[in-house]
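Structure at a glance
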Amino acid sequence: MIKYNKKPLELWYAVSNGNYEVRLSITAQEQAVYTVYSQNRRFTAEDQQIHAGETQTLTFLVNVCDYFRRDRSYKVDGIELQIVCDQAVTAAASVTPVDVPTLYILGDSTVTDQPSEYPYDPEKTYCGWGQMIPMLFDNAVAVSNHSESGATTAEAREIHFNGVRDKLRPGDYLMLEFGHNDQKQPELDASGGYADNLRWFVEYAKSRGAQPILNAPINRIIYDEKGKIVNLLGDYRNAVWSVAKELNVPFIDLFTATTEFFEPLGLYTAKKYFRHDEESQDYTHTNDLGGAIVARLCAGLIQNARIDGLSQHVLPDRLAIDKIEVSPDAPRESNIGEFKRLKSIGLGTVPADLDDDISGI
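On to the sheet that holds strand β13 (residues 211–215). The five strands are arranged β11-β10-β12-β13-β14 in an open sheet whose pairing can be described as parallel. Of all the strands in the sheet, the pair left with one neighbour each is β11 (142–145) and β14 (251–252). As paired elements, strand β10 (residues 102–107) and strand β12 (residues 173–177) share five bridges and run parallel to each other. Counted as the bridge partner of Leu106 is Leu176 from β12.

Here is the structure:
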């Protein structure tokens, strides 16, 4: 992903809640690279090359849906498109209603649509994998992300699900990923309230004729002195697997997938995929680089799970993961020093403030 200095070119089309096919035409006066977002910075195209004098037309789906946050409910009455580009471009779009299944997603800050500041730097921007995954499906499935930073299964059941509850219909999908915040609440322990809430969501989705999908939470990159990622969420991964097996629903093991991807990189390299700047480093929340990786891991697991009506719509040619160019991992002594520093401030033990809503949304 490249850095963009310019603010996005914004387009707006007034529509009601539903799924829409968007045909977006972009014309460049000079050679350029652009990325396209819809709604709350959901990726629909990433770092596309366009030549001087060329017009490119992209076709993609956008879900328009009211949503609920802990502060209030939000009415959504249109399609918002943003084109970020390193050169000036012009753009126009046409919007057509379509009748396709919707993949509804509920989760926490590791999944939610995160905003960006400009000038844009992909390493300094928070990113939930749920905002990256729309561009990994073809135009037969729309994605509707109802995740929020700090959310637990209990809060999602009480608040965020209100944006989805009455919209679920036969042929739709309900994907859940929680655990980072549940683990801080005694009443939401892995085999207790957490598992019970997952069962409730599964049964509700089934009652509406929708397909529930249970995701294990992505892992944090807290390494021990031997260079292994500390197992801070394993009990929650196992609880998700157990409920999925019990209720015969698809299980997407992002805990194992993210552990196996990031652990061999070593702490020095893995940190590059999590939000950081000159003053701070996050060990839980991916940046745009990491969000793109986790979304591709998730889409690959969906494809392998053979979920009827969904798996076949993953775009296999978009699943390749290009690692960013970083220096080789630091010597093991540096990782040990980093582990000791983290442990001294509590990051080896999951203190209550480990996942403060540092994204501010």
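Next up on the list: the sheet that holds strand β5 (residues 55–64). One open sheet holds the three strands; their spatial order is β5-β2-β9, and the pairing between them is antiparallel. Each end of this open sheet is capped by a strand with a single partner; those strands are β5 and β9 (89–97). The sheet shows a mean angle of 25° between the axes of neighbouring strands, direction not considered. With ten bridges joining them, strand β2 (residues 18–28) and β5 adopt antiparallel strand pairing. Of the residues in β5, the one forming a bridge with Ser25 is Thr57.

The biggest cluster of nonpolar side chains holds 52 residues, and the ones touching the most others in it are Trp129, Ile133, Leu254, Phe262 and Ile302. Contributing elements (two or more residues each) for this core: β3 (32–38), β10, β12, α4 (254–262), α5 (266–270) and α6 (288–305). Broken down by element, the residue count for this core peaks at nine residues, all from α6. Among all residues touching Trp129, those that are not within four sequence positions of it are Ile105, Thr110, Val111, Met175, Glu177, Asn215, Ile218, Leu254, Gly291, Val294, Ala295 and Cys298. The next biggest cluster of nonpolar side chains, apart from the first, holds 27 residues, and it includes Val164, Leu174, Leu198 and Tyr236.

Another point: helix α3 (residues 234–247). With 14 residues, α3 should cover 20 Å at 1.5 Å per step; its first-to-last C-alpha distance of 20 Å lies within 8% of that length. Buried within α3 are the following residues: Gly234, Tyr236, Arg237, Ala239, Val240, Val243, Ala244 and Leu247. On its buried side, α3 packs onto α2 (190–207), β13, β14 and α4. Count one or two residues on from α3 and you reach Asn248, which has phi positive near 55°.

Now for the side chain of Arg42. Relative to the elements of secondary structure, Arg42 occurs in strand β4 (residues 42–50). Residue Arg42 is classed as buried on the basis of its relative accessible area of 8%. Only 2.8 Å separates the side chain of Arg42 from the side chain of Asp113, close enough to count as a polar contact.

The subject of this paragraph is the side chain of Thr153. Along the chain, Thr153 turns up in helix α1 (residues 153–158). In terms of polar contacts, Thr153 uses its side chain to reach the side chain of Asn197, at 3.0 Å. Beyond its immediate sequence surroundings of up to four residues, Thr153 is in contact with Phe178, Asp182, Leu188, Gly193, Tyr194, Asn197, Leu198 and Phe201.

With 18 residues, α2 extends 24 Å from end C-alpha to end C-alpha; this agrees with the ideal 26 Å at 1.5 Å per step. Turning to α2, its buried residues number three or more, namely Ala190, Gly192, Gly193, Tyr194, Ala195, Asn197, Leu198, Phe201, Val202, Tyr204 and Ala205. Those residues of α2 hidden inside the fold are in contact with β10, α1, β12, β13 and α3. Of the residues flanking the end of α2, it is Gly209, one or two places downstream, whose phi is positive at about 80°.

In this structure, the largest pocket spans a volume of roughly 730 Å³. For the lining of the largest pocket, the secondary structure elements donating two or more residues are β4, β5, β11 and α6. Looking at the lining of the largest pocket, the element that brings in the most residues is β4, giving seven residues. Taken together, the residues of the lining of the largest pocket break down into 22 nonpolar, seven polar and nine charged.

Looking now at the environment of Asp288. You can see Asp288 is positioned in helix α6. The class for Asp288 is buried, based on a relative accessible area of 0%. Between the C-alpha atoms of Asp288 and Gln131, which are 157 residues apart in sequence, the distance is 9.7 Å. Setting aside residues up to four positions removed in sequence, Asp288 forms contacts with Met1, Arg41, Phe43, Tyr120, Pro122, Thr125, Tyr126, Cys127 and Met132. Side-chain polar atoms of Asp288 contact the side chain of Tyr120, separated by 2.6 Å.

What counts as what
Residues numbered from 1 in each chain as written. Predicted model: local features only at pLDDT ≥ 70, side-chain atom pairs only at ≥ 80, totals over all residues. Heavy atoms only, no water. Pairing = 2+ DSSP bridges. Helix = DSSP H or I, 4+ residues; strand = E, 2+ residues; numbered from the N terminus. Axes fitted to C-alpha atoms, helices over the stretch in contact; angles between N-to-C directions. Core = buried A, V, L, I, M, F, W, Y, C linked by side-chain atoms within 4.5 Å. Buried < 20%, exposed > 50% of the residue type's maximum accessible area, 1.4 Å probe, protein only. Contact = heavy atoms within 4.5 Å. Expected span 1.5 Å × (residues − 1). Polar contact = N/O pair within 3.5 Å; in protein donor to acceptor, adjacent residues only side chain to side chain. 1 Å grid on protein atoms, 1.4 Å probe; cavity = no way out; pocket = protein on both sides within 12 Å on 5 of 7 lines; lining within 4 Å. Points joined across faces, edges and corners; volume = space filled by probe spheres on them. Nonpolar A, V, L, I, M, F, W, Y, C, P; charged D, E, K, R; others polar.

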